[in-house]
Amino acid sequence: LIPFIFHSQPSPSKKQHHCLHLSSSIIMSSFLSNKTAIVTGGSGTIGKAIAKSLLTAGCNVFITGRNQERLDAAAAELLASTRNENPSYGRLETFCGDVISETDVESLFDNAVSLHGGVDLLVNN
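Cut-offs applied
- Position numbers for residues count from 1 along each chain, tracking the sequence in the order it is written.
- Per-residue local features are limited, in this predicted model, to residues with pLDDT of at least 70; the limit for side-chain atom pairs, both in listing and counting, is 80 or more; totals at the level of whole chains, interfaces and linings are taken over all residues.
- Neither water nor hydrogens contribute to the side-chain values; these are computed over all heavy atoms in the structure.
- In this text, helices come from DSSP runs of H or I with a minimum length of four residues, and strands from runs of E with a minimum of two, each type numbered from the N-terminal end.
- Every residue pair with non-hydrogen atoms within 4.5 Å of one another is taken to be in contact.
- Note on areas: Shrake-Rupley, 1.4 Å probe, and residue coverage restricted to the protein chains presented here.
- Note on exposure labels: buried denotes an accessible area under 20% of the residue type's maximum, exposed denotes more than 50%, and partly exposed covers the range between, all computed with a 1.4 Å probe on protein chains only.
- Following DSSP output, two strands are said to pair if at least two bridges run between them.
- Look down the strands so they point away from you; if the path from the first strand over the helix to the second goes clockwise, the crossover is right-handed.
- Put simply, the grid is 1 Å and covers the protein atoms alone, a cavity is a trapped set of points that fit a 1.4 Å probe, a pocket is an open set with protein on both sides within 12 Å along at least five of seven lines, and lining residues have an atom within 4 Å of a point.
- Grid points are joined across faces, edges and corners, and a volume is the space filled by probe spheres set on the points.
- Residue type decides the class: Asp, Glu, Lys and Arg count as charged, Ala, Val, Leu, Ile, Met, Phe, Trp, Tyr, Cys and Pro as nonpolar, and the leftover types, Gly among them, as polar.
- For the purposes of this section, nonpolar cores are sets of buried Ala, Val, Leu, Ile, Met, Phe, Trp, Tyr and Cys residues that join through side-chain atoms within 4.5 Å.
- Only one rule defines a salt bridge in this text: a Lys or Arg side-chain nitrogen within 4 Å of an Asp or Glu carboxyl oxygen.

Asks: I would appreciate a short explanation of the overall build of the protein chain in the present structure.
Replies: Counting secondary structure elements, the protein chain contains four helices and six strands. Traced from its N-terminal end to its C-terminal end, the protein chain shows the element sequence β-β-α-β-α-β-α-β-α-β. Pairs at least 24 apart in sequence give 64% of the contacts found in the protein chain among residues at least 6 apart. As displayed, the protein chain has an accessible area near 7300 Å², and 51% of this comes from carbon and sulfur atoms.

Structure follows, in structure tokens:
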């Protein structure tokens, strides 16, 4: 797995909340091309933004969540937006499951291994 450090900075609107800032030079690096990533919470706002960055860098991405309808909507949104930005975007997969369930996590990794040969990056969102 490739380690990434996401740092937080105070939000200008509310000091008690923090915003994640991803370095575009790190996320968009060519070493992500043809890698496989899992983004937990991938149907939420932050998860979709991370998945979009990874997809446009050519990374294959599994977005996970507990609600299949939200995952399907997020996948449709991501595919529509990434096709316009990079024709060689990575492949997107959805996985409905709960990361606190050992069985679901094992199934997720089994799917990633069978489809892409393994997992290179895990974003635990």
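Asks: Help me out: how do you make sense of the pairing of strand β3 (residues 36-39) in this one?
Replies: Across a regular strand the side chains alternate sides, sitting on one face of the sheet and then on the other. On β3, burial covers both faces: Thr-36 and Ile-38 on one face and Ala-37 and Val-39 on the other are all buried. With four bridges connecting them, β3 and strand β4 (residues 60-65) associate as parallel partners. Note on β4: the bridge partner recorded for Val-39 is Ile-63. Taken together, β3, helix α2 (residues 45-56) and β4 form a β-α-β motif whose crossover is right-handed. In this structure, β3 lies alongside strand β6 (residues 121-123), joined through three bridges in parallel fashion. Bridging from a neighbouring strand, Ile-38 pairs with Leu-122 of β6.

Asks: How do you make sense of the layout of surface pockets when you look at a structure like this?
Replies: Picture a little ball the size of a water molecule; that probe, rolled over the atoms, points out where space is still empty. Space inside the largest pocket adds up to approximately 180 Å³. The residue makeup of the lining of the largest pocket, split by class, is one nonpolar, eight polar and three charged.

Asks: Can you help me understand the nonpolar core in this one?
Replies: Across soluble globular proteins, nonpolar side chains have a tendency to be buried as a group. Membership of the largest hydrophobic core comes to 18 residues, with the highest contact counts inside it found for Val-39, Leu-54, Val-61, Ile-63 and Leu-92. At the level of elements, β3, α2, β4, α3 (68-85) and β6 are the ones that each hand at least two residues to this core.

Asks: Just checking my understanding: could you explain the pattern of salt bridges for this structure?
Replies: Pairing is possible between side chains that carry opposite charge, provided their charged atoms lie close to one another. Evaluation of the coordinates by the stated rule reveals two salt bridges. Its salt-bridge partner being Lys-48, residue Glu-77 comes within 3.0 Å of it at the nearest N-O pair. Placement of Glu-77 in helix α3 and of Lys-48 in helix α2 is noted, with a sequence separation of 29 residues between them. For Glu-77, a relative accessible area of 46% gives the class partly exposed. Owing to a relative accessible area of 18%, Lys-48 belongs among the buried residues under this scheme.

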